[in-house]
Amino acid sequence: MIKLEMNEYTDLLSMMYATENLIKYINTDVIKYNNLNHLDLKYLNQRINRVTELITKIDKSEK
């Protein structure tokens with residue numbers, strides 16, 4: 001069994017939520033319309049950066 005501290009659990013939930021929203025956004029807006037304007041690209045980059053930040057945070061805490 002894996003033991004997680006509260007902050008690790010919170011980080012995992014945040015990452016899952018951010019990843020789910022990123023995938024939903026890509027599927028509903030990017031792929032569906034196959035068009036990205038400047039604002040969409042900015043929003044997409046923010047979401048990707050947030051997911052990357054959370055993954056990096058979890059990866060660093062495992063070392």
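Just above sits the structure.
It should be emphasised that the depicted structure is a prediction, and the values quoted were computed from it without experimental measurement.

S.K.: Describe the packing of aromatic side chains, listing the residues and the values that go with them.
M.R.: Counted under the stated rule, the structure contains one aromatic pair. Measuring from centroid to centroid gives 4.8 Å for Y25 and Y43, while their planes differ by 75°, and the two rings are edge-to-face. Taken together, the positions of Y25 in helix α1 (residues 6-33) and Y43 in helix α2 (residues 38-62) put the pair 18 residues apart, joining distant regions of the chain. Classification of Y43 as partly exposed rests on a relative accessible area of 33%.

S.K.: So what's going on with the nonpolar core? Residues and values would help.
M.R.: As a rule of thumb, soluble globular proteins bury nonpolar side chains together. If you look at the biggest cluster of nonpolar residues, it comprises eight residues: M15, A18, L22, Y25, V30, L44, V51 and L54. Sorting the residues of this core by element identifies α1 and α2 as the ones contributing at least two each. A total of five residues in this core trace back to one element, the largest contributor, which is α1. With sequence-adjacent residues up to four places away left out, L54 is seen in contact with S14, M15 and A18.

Here is what the cut-offs are and how they apply
- Residues numbered from 1 in each chain as written.
- Predicted model: local features only at pLDDT ≥ 70, side-chain atom pairs only at ≥ 80, totals over all residues.
- Heavy atoms only, no water.
- Phe/Tyr/Trp six-rings, centres within 6.5 Å; stacked < 30°, edge-to-face > 60°.
- Helix = DSSP H or I, 4+ residues; strand = E, 2+ residues; numbered from the N terminus.
- Buried < 20%, exposed > 50% of the residue type's maximum accessible area, 1.4 Å probe, protein only.
- Core = buried A, V, L, I, M, F, W, Y, C linked by side-chain atoms within 4.5 Å.
- Contact = heavy atoms within 4.5 Å.

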